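# Overview (structure and organization)
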Protein chains: 4
Amino acid sequence: MEVGFIGLGQMGIGMAGNLLKAGHDLRVYNRTPEKAKPLEADGAQLAATPAQAADGADVVITMVADDDALESIVLGETGLLAGQGKGTIHISASTISVALSQRLTEAHAAAGQTFVSAPVFGRPDAAATARLAIVAAGPADAVALCKPLFEAMGQRLFVIGTEPQTANLVKLSGNFLIASVIESLGEAIALVGKAGVDRHDYVELLTSTLFGAPVYKTYGGLIAERKFEPAGFAAKLGLKDIRLALAAGEAMKVPLPVASLLRDRLLALLADGGQDLDWAAVSTLAARDSGQAS
Amino acid sequence: MEVGFIGLGQMGIGMAGNLLKAGHDLRVYNRTPEKAKPLEADGAQLAATPAQAADGADVVITMVADDDALESIVLGETGLLAGQGKGTIHISASTISVALSQRLTEAHAAAGQTFVSAPVFGRPDAAATARLAIVAAGPADAVALCKPLFEAMGQRLFVIGTEPQTANLVKLSGNFLIASVIESLGEAIALVGKAGVDRHDYVELLTSTLFGAPVYKTYGGLIAERKFEPAGFAAKLGLKDIRLALAAGEAMKVPLPVASLLRDRLLALLADGGQDLDWAAVSTLAARDSGQAS
Amino acid sequence: MEVGFIGLGQMGIGMAGNLLKAGHDLRVYNRTPEKAKPLEADGAQLAATPAQAADGADVVITMVADDDALESIVLGETGLLAGQGKGTIHISASTISVALSQRLTEAHAAAGQTFVSAPVFGRPDAAATARLAIVAAGPADAVALCKPLFEAMGQRLFVIGTEPQTANLVKLSGNFLIASVIESLGEAIALVGKAGVDRHDYVELLTSTLFGAPVYKTYGGLIAERKFEPAGFAAKLGLKDIRLALAAGEAMKVPLPVASLLRDRLLALLADGGQDLDWAAVSTLAARDSGQAS
Amino acid sequence: MEVGFIGLGQMGIGMAGNLLKAGHDLRVYNRTPEKAKPLEADGAQLAATPAQAADGADVVITMVADDDALESIVLGETGLLAGQGKGTIHISASTISVALSQRLTEAHAAAGQTFVSAPVFGRPDAAATARLAIVAAGPADAVALCKPLFEAMGQRLFVIGTEPQTANLVKLSGNFLIASVIESLGEAIALVGKAGVDRHDYVELLTSTLFGAPVYKTYGGLIAERKFEPAGFAAKLGLKDIRLALAAGEAMKVPLPVASLLRDRLLALLADGGQDLDWAAVSTLAARDSGQAS
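Rules used throughout
- Residues numbered from 1 in each chain as written.
- Chains lettered and ligands numbered in written order.
- Predicted model: local features only at pLDDT ≥ 70, side-chain atom pairs only at ≥ 80, totals over all residues.
- Heavy atoms only, no water.
- Phe/Tyr/Trp six-rings, centres within 6.5 Å; stacked < 30°, edge-to-face > 60°.
- Lys NZ or Arg CZ within 6 Å of the ring centre and 35° of its normal.
- Salt bridge = Lys/Arg side-chain N within 4 Å of Asp/Glu carboxyl O.
- Helix = DSSP H or I, 4+ residues; strand = E, 2+ residues; numbered from the N terminus.
- Axes fitted to C-alpha atoms, helices over the stretch in contact; angles between N-to-C directions.
- Parallel < 35°, antiparallel > 145°, perpendicular 65-115°, else oblique.
- Contact = heavy atoms within 4.5 Å.
- Nonpolar A, V, L, I, M, F, W, Y, C, P; charged D, E, K, R; others polar.
- Polar contact = N/O pair within 3.5 Å; in protein donor to acceptor, adjacent residues only side chain to side chain.
- Least-squares fit on C-alpha atoms with pLDDT ≥ 70 in both.
- Buried < 20%, exposed > 50% of the residue type's maximum accessible area, 1.4 Å probe, protein only.
- Pairing = 2+ DSSP bridges.
- Buried area = accessible area lost by both parts, 1.4 Å probe.
- 1 Å grid on protein atoms, 1.4 Å probe; cavity = no way out; pocket = protein on both sides within 12 Å on 5 of 7 lines; lining within 4 Å.
- Points joined across faces, edges and corners; volume = space filled by probe spheres on them.
- Expected span 1.5 Å × (residues − 1).
- Core = buried A, V, L, I, M, F, W, Y, C linked by side-chain atoms within 4.5 Å.

### What about the packing of aromatic side chains?
One pass over the structure, following the stated rule, counts 11 aromatic pairs over all chains. Taken together, the ring pairs connect A:Phe211, A:Tyr216, B:Phe211 and B:Tyr216 into an aromatic cluster. Residue placement shows C:Lys171 over the ring face of C:Phe121; its charged tip is 4.6 Å from the ring centre.

### Digging into the pattern of salt bridges
Taken as a whole and assessed by the stated rule, the structure comprises 56 salt bridges over all chains. In this structure, A:Glu250 and C:Arg263 form a salt bridge, with 3.2 Å as the shortest nitrogen-oxygen distance. Here A:Glu250 is found in helix H12 (residues 235-252), whereas its partner C:Arg263 is found in helix H13 (residues 257-271) on a different chain. Here the salt bridges share partners, and the residues they tie into one network are A:Glu183, A:Arg265, A:Arg288, A:Asp289, D:Glu183, D:Arg265, D:Arg288 and D:Asp289.

### Regarding the packing of helix H4 (residues 67-75) of chain C against helix H6 (residues 98-110) of chain C
Residue and element names in this part refer to chain C. Two numbers describe how H4 lies on H6: the axes approach to 11 Å, and their chain directions differ by 5°. In terms of orientation, H4 lies roughly parallel with respect to H6. Of H6, the residues touching H4 (which contributes Asp67, Leu70, Glu71, Val74 and Leu75) are Leu100, Arg103, Leu104, Ala107 and His108. Of the residues contributing to the contact of H4 with H6, the split by class is six nonpolar, one polar and three charged.

### Quick look at the interface of chain D and chain C
Counting from both sides, the interface comprises 56 residues of chain D and, opposite them, 55 residues of chain C. Along the contact surface separating chain D from chain C lie two salt bridges. Residue C:Glu204 pairs with D:Arg156 through a salt bridge whose shortest N-O separation is 3.8 Å. At the boundary of chain D and chain C, one finds 13 residue pairs in polar contact (both at pLDDT 80 or more). Sorting the residues of the side of chain D that touches chain C by element identifies strand S8 (132-137), strand S9 (154-161), helix H9 (164-194), helix H10 (199-207), helix H11 (214-225), helix H12 (235-252) and helix H13 (257-271) of chain D as the ones contributing at least two each. The residue makeup of the side of chain D that touches chain C, split by class, is 37 nonpolar, 10 polar and nine charged.

### Observations concerning the relation of the copies chain D and chain C
Of the transformation superimposing chain D on chain C, the axial component is 0.0 Å and the angular component is 180°, with the fit at an RMSD of 0.1 Å. These values place the two chain copies in the arrangement generated by a two-fold rotation axis. For chain D, the residue whose C-alpha comes nearest the rotation axis is D:Ala213, separated from it by 2.3 Å. Same-surface contact between copies: 98% of interface residues of chain D are shared with the interface of chain C.

### Some words on the relation of the copies chain A and chain B
Relative to chain B, chain A is turned by 180° and slid 0.0 Å along the rotation axis, the superposed coordinates differing by an RMSD of 0.0 Å. Here 100% of the contact residues of chain A are again contact residues in chain B; the copies associate through an equivalent surface.

### Digging into the pairing of strand S4 (residues 59-62) of chain C
All names here are of chain C. Side chains Val59 and Ile61 of S4 all project onto a buried face; the interleaved residues Val60 and Thr62 project onto the opposite face, where all are buried too. In this structure, strand S1 (residues 2-6) lies alongside S4, joined through four bridges in parallel fashion. Considered in S4, the bridge of Val3 is made with Val59. Alignment of S4 against strand S5 (residues 89-92), held across four bridges, turns out to be parallel. Residue pairing across strands places Val59 opposite Ile89, the latter belonging to S5.

### Some remarks on the environment of C:Leu237
Inspection of the secondary structure assignment puts C:Leu237 in helix H12 (residues 235-252). Sequence separation of C:Leu237 and C:Leu169 is 68 residues, and the distance between their C-alpha atoms is 16 Å.

### Observations concerning the interface of chain A and chain B
Between chain A and chain B, the residue contacts involve 55 residues of the former and 55 residues of the latter. Of the roughly 4,700 Å² buried where chain A meets chain B, counting both sides, 79% is carbon and sulfur surface. For the pair chain A and chain B, the number of links is 13 residue pairs in polar contact (both at pLDDT 80 or more). Secondary-structure elements contributing two or more residues to the side of chain A that touches chain B are strand S8 (132-137), strand S9 (154-161), helix H9 (164-194), helix H10 (199-207), helix H11 (214-225), H12 and helix H13 (257-271) of chain A.

### Observations regarding empty space enclosed by the protein
Under the criterion given, the structure shown has five cavities of 30 Å³ or more. The computed volume of the largest cavity comes to approximately 820 Å³. Of all elements in the fold, only H13 and helix H14 (283-289) of chain A, helix H13 (257-271) and helix H14 (283-289) of chain B, H13 and helix H14 (283-289) of chain C together with H13 and helix H14 (283-289) of chain D reach the threshold of two or more residues within the lining of the largest cavity. Tallied by class, the residues present in the lining of the largest cavity amount to 19 nonpolar, four polar and 16 charged.

### Some thoughts on helix H1 (residues 10-21) of chain B
All names here are of chain B. When the terminal C-alpha atoms of H1 are compared, their 18 Å separation across 12 residues agrees well with the 16 Å that a helix rising 1.5 Å per residue should span. Across the 12 residues that make up H1, a large majority, nine, are buried. Restricting attention to buried positions, one finds in H1 the residues Met11, Gly12, Gly14, Met15, Ala16, Gly17, Asn18, Leu19 and Leu20. Of the residues flanking the end of H1, it is Gly23, one or two places downstream, whose phi is positive at about 95°.

### Digging into the nonpolar core
With 122 residues, the main nonpolar core has A:Tyr202, A:Tyr216, B:Tyr202 and B:Tyr216 as its most contacted residues. Among residues more than four places away in sequence, those in contact with A:Tyr216 are A:Val181, A:Leu185, A:Val203, A:Thr207, A:Phe211, A:Gly221, B:Val181 and B:Tyr216. Core analysis: the next-biggest nonpolar cluster, separate from the first, contains 121 residues, C:Ile178, C:Ala179, C:Ala268 and D:Ala268 among them.

Structure follows, in structure tokens:
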């Protein structure tokens, strides 16, 4: 397939590489073009603007940091809206707000293009090895057409509906659930830790029984180790996603008390200078509040 | 080994049966003696009082409903303190308070006996099939001596320390973590559900990715199904355990904001008449607060 | 003084009337011009646009519903920025976001004009009788110049600093404090009410002792009476202000756990259809959660 | 009247003194008898035990620190139950649990005596100058009989019902409301303070408008001043009262989210070594969480 790919960060570089391996023709764009070098060596063409990456492409995939970045890539002067042909598809894999997803759905439709949301679950190593889980939502025929691309980038595909923004909401809710695991583990470990139970033993116990899931293993390990640098996912990004989940809840009138607590915890972490720590560092606040030096 | 077993409820009946199968001599006591019939048929002797179940036993195991029940069984006129010989061991498998665990540790020590705490993780079917996880704490030699009994009743043994009450604290913290999964899943499902995402699809997505643990499968299933009767674990018992976790936290000066939220949720559920529903019904409150009929 | 006045709602009509009484020359603008009739009868001139109300005025006062309204009045084609002369002052009395206050400060400065924030405390009857409390912030000389106008509209003036947005923050914090009184009174009344204490007696007791302030009298009365219509201040506006307080807190990294709780309560009230009730109706949620029909 | 008075702490000494001034015959008891000297000089008799203070008294008043103290004074070997005559009255002015109030009501009734609960609002200076507010509950004739005593000790009497424990509940709810003012003021001041608003100006503004009540003046002053020693009411006592309010709520199935938050805040303060600070020091936690050194 003729594919444009925009955003070659830690996640995007692996995803684009897997599309190349699967035999697709790729035009890539990144704000700092140096990052595209390894892909060029493997046969990708380098585009100078988003519009140029979209030129001739059936599908353009974007994987960028936040709402602002995606907005300028789509709506900017040399953006996708202007650059994509009629009948083409834009797959947004970024974690963005429900509100922006709705706006882009409308904007692309007005331009005779189709918007598909397909945020991903997984860290950079899963992106590099095509083991992402992809949550897609959009018009059924468009999603079907994109299937070979999803299969090249991930190992599991969940088609969650026909309205793109529901996929964004599911992604945000997933990050909310991760953060709630961090907070509750932090409280539990503050409790048993103050009684003298070894943190590593405790996490080992949990993850060999009822709580034997990747989320408890990954974050339980980080919390027991108190190792928050380098960040797998920075606290400031975590705050952004919790804020987007709360905003979606507010728009639909869904109170989310645990998310509210998480927002306050993340703010306290940032107020203390922790914006660049892994968001698992939220667990240090329960320890601190119980009088345990973290 | 000569073993006394007290408390033949849904959990105890399976645990005692597995001790018999493993070849131990069993004296069993239950407040309502009819429940002991099947065990008698398999060779257990029926005792008329806790003290009689303890008579001649190396180890007595108790598995009862709450602090009050255990207190009367140990400290009552025909209780274990009076009935156990010097040098014998009392293994408490019940979910009890940290405070009672400390009191019983002292009381048994004063009587020349040893107290071991060994609460279990698992539902009645795991008790029946010897697949419990057992968290034990107590003097090292006593725990070592009890090992064959633990192996007959469970598939995993975690020795967490030498002070019995730490095992009770770990058990309470585990129930707190389960409840926090219920609450956060309830909020997440209220959010995506109100946007039209199918609850079963959503739980399937979660449990096939980062959240692939028994706790998400069991409770995610109950919440998606909105099936809260019959209760696997009743809301009123859930409230009791959260209260005990909070009390332990208070005694050690460990604030637990998520546990505080859970306490308020469980109280609201009970105020609404839900004391006998499965505690997964806490999830209906997030749905209700978002204007979704539950 | 030559004064423009924009926004003749329940509050603005009284404030403008008091400026006329004090002898100032008034040009008034309102989206629906009928509301200006009584002021015209008293000598005010009716303007067709905000810019026209600003024409020739030394000071323009705005009192409108929200950020959106103020933005269009200031930045719109026939707005204040275009209509005010150099060296003139814009006093914003509306409850708006800190962020908009900062933007308008910059925009007016760039146009050679001065922005002063002066939100007010008080209900429509206080506006009509010049008993408002006014919290002003802005450049000292501008505030000094406006003093006669403040004195015509209110009975207390608090000059809180030289940066306009601090006055908006103080106003938002005040509304947060009112809402926190509503919530805590709601909980206290749910508690003593369920024990059979008469709600009116209880509020009488509180307000004759430690809690003898207007906020407890007004809201305690509404809660005891369960009278939430017509709304003195609608729940949807309350939610807006709590959201703005949270947003200000987020921008400055100040966690506000009680405000988070209030946000969730107000959302639950709105999800239940209560957007047009007085925000004191938040108190019904504590009653409902305790199983008391509200 | 013949009156026994037990408990000559900061509050009791003033209350007893006012009874003497009003002409009543007083027998006083205190664990450390030295404290009774000034009252002896004014005509009170010193009793060696609670029972002796009750000997010949129509009414015995107790004003002690907590449940444990009152329990031993009433139910101990030389306690009131044994020492009071049939038909006499015990007025408990202490802040105690609803549960103990119920137990004492029953115990006194079984002994042919009457229990009246009459906790007080006010600090030591109000006790000394007879400006307390007294909240009484008990059988109507008993309360009527005690009226001259209430009038000697306080300036306002609120008879809240015939079941003594409702007065205790009202007292606990009042302390909950005070604590909620501390927390919300702490958050508001963290917010405006971080924006540079002067704390004293802010409190002055609040208390001259909507929030002009003693509770805002007293606690707003302490928080603005950051003066938490010596404690007017120590954090550890505050935690005790919030715990009793939560326990009463739990017994009646009334969730109290703000009280839950206060409990966690007070625990964090105690974990940090603040048990003997005034409970207004809870406000430092909001400041700390926002990155402001307290």
